[in-house]
Structures are given as structure tokens and as C-alpha cells.
Amino acid sequence: MRHPFLLILAVYIAFANATELTFELPDNEKQCFYEDLEQGTKFDIDFQVIAGGNYDVDCFVTDPLNNMLYQERKKQYDSFSHTTTMKGVYKVCFSNEFSTFSHKTVYLDFRTVEDDRLMPDMNRATALTQMESACLSIHEILKVVSDSQTWYRLREAQDRIRAEDLRERVHFWSIGETIILFVVCIGQVLMLKSFFSEKKANLATST
């Protein structure tokens, strides 16, 4: 396995109606995830290929009746939002069937957005107090911070994988150069030795 830490990274982090996971998608294979949702539930999907091949993957989303809600081919990253019109199991699939040898590592963020208010009495007709407005602002800022942290984690994972690939290439290139250097040195020594052997043979025949 070229990147063993990616297997450790394949964990589920489920909280606040959100699921984040990173998984490996082998070549010529498809992997699907299922979520049972109520009618009128809004869900958001973000995905990004962080390693493998050209960093692209096929993705599609279907409803409980197997109607296609979203379908994109060879995408490096994308986002999709939808509000359910029926109760049932919704399916999110990623396909690497177009690739014959490249494994992919895909990050998926699945979030369901419920219409619950941050504070129970937000539906009242009166205006929000200064404290309530500050709480709402802090809540929105924290969501932005969380998204930014996720983006930086993905960039860090991509950069680390590329750095490890580059290190492996440099390592094997150095081994190849070392072998070539030894072969050239031995060849030069044998060639010089053959020159002196020929001169000694010529002198012996002349005498």
C-alpha cells in the first residue's frame, strides 16, 4: 500500500447531522452510500478527490425511486444541494470504473440541514436583541471556520501525498543513477585494463 495513513484516515465523523469520511476507491469499482431521509429535508454534498490518477471521479445521486438527482463525470470536486420531496433512502455513488489502474482517494461531506432554529423563540414577531444577533453572527462565523479547516485539511492531505510520491521518485532515481555510475566505472576499468593487456600481448609477439 503506497499510502497506509489513508486507511487510518478512512473514519466516520458524525455530528450535528453531518458525516465526513475519506475512503479509497479502487480502479474499476463503484462505491455507494445510503441515507434515510424524511420528506422536506435539505441535504448538502461536498466531495473532492485528494489522491490518484488525474484526481477525477464519477458521482451520481438518486432518490428512493432511483430517479437521477445529480450526475457528473470525471469531476475533481463539486457540491450539490437538494431538498427531498419524499421519504426514503437516498443513494450517493462514486465510480472509478473508467480507470484501469489508478486508485482514488475521495473525501465526502454529507450534511442534512434541518429547519430547527438556533434559539427556540426566534419565530417571534419582535426584533432580535443585540445578544441574539451576536450569537447568530458567531454561529455563522464558526460554520465558515469549520469549512475553512476542512479545506485546509484536504489541501494538506493532497500536498503530503504529492510530496511522498516525489520522494519515492527521487529515491528510485537516485538508486538508478548509483547503479549506472557503478556500471560505467566498472566498464571504464575493464576497458583500460584491456588496453594494457593488448599492449603486453603485442610486445610479447614482437620479441
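Residues numbered from 1 in each chain as written. Predicted model: local features only at pLDDT ≥ 70, side-chain atom pairs only at ≥ 80, totals over all residues. Heavy atoms only, no water.

This prediction gives the chain a mean pLDDT of 79; 79% of its residues lie at or above 70. This stretch, residues 1–16, has a pLDDT under 50; its non-local contacts, to residues over four places away or in other chains, come to 31 contacts. (pLDDT = per-residue confidence, 0-100. Contact = heavy atoms within 4.5 Å.)

Moving on, we come to unusual backbone geometry. Peptide bonds are, in most cases, trans, and in most cases residues other than glycine have a negative phi. In this structure, N28 takes a positive phi of about 60 degrees despite not being glycine. On the secondary structure map, N28 appears in the loop between β2 (18–25) and β3 (30–37). Positive phi outside glycine occurs at Y55, with the angle close to 55 degrees. As for its position among the elements, Y55 is in the loop between β4 (42–51) and β5 (57–62). (Helix = DSSP H or I, 4+ residues; strand = E, 2+ residues; numbered from the N terminus.)

This part covers a nonpolar patch on the surface. Where nonpolar side chains cluster on the molecular surface, the patch consists of F172, I175, I179 and V183 and spans about 400 Å² of accessible area. Along the chain, F172 turns up in helix α2 (residues 130–206). (Patch = residues over 30% accessible without salt bridge, like charges linked within 9 Å, V, L, I, M, F, W, Y side chains within 5 Å. Areas by Shrake-Rupley, 256 points an atom, 1.4 Å probe, with all protein chains shown as cover. Salt bridge = Lys/Arg side-chain N within 4 Å of Asp/Glu carboxyl O.)

Within the largest apolar cluster, 21 residues are counted, with the highest numbers of intra-cluster contacts made by F23, F43, I45, F47, V61, F94 and L108. Of all elements in the fold, only β2, β3, β4, β5, β8 (88–95) and β9 (104–113) reach the threshold of two or more residues within this core. In terms of residue count, the dominant contributor to this core is β4 (four residues). Discounting chain neighbours no more than four positions away, the residues touching F47 are V57, C59, Y70, K75, Q76, Y77, D78, F94, Y107 and L108. (Core = buried A, V, L, I, M, F, W, Y, C linked by side-chain atoms within 4.5 Å. Buried < 20%, exposed > 50% of the residue type's maximum accessible area, 1.4 Å probe, protein only.)

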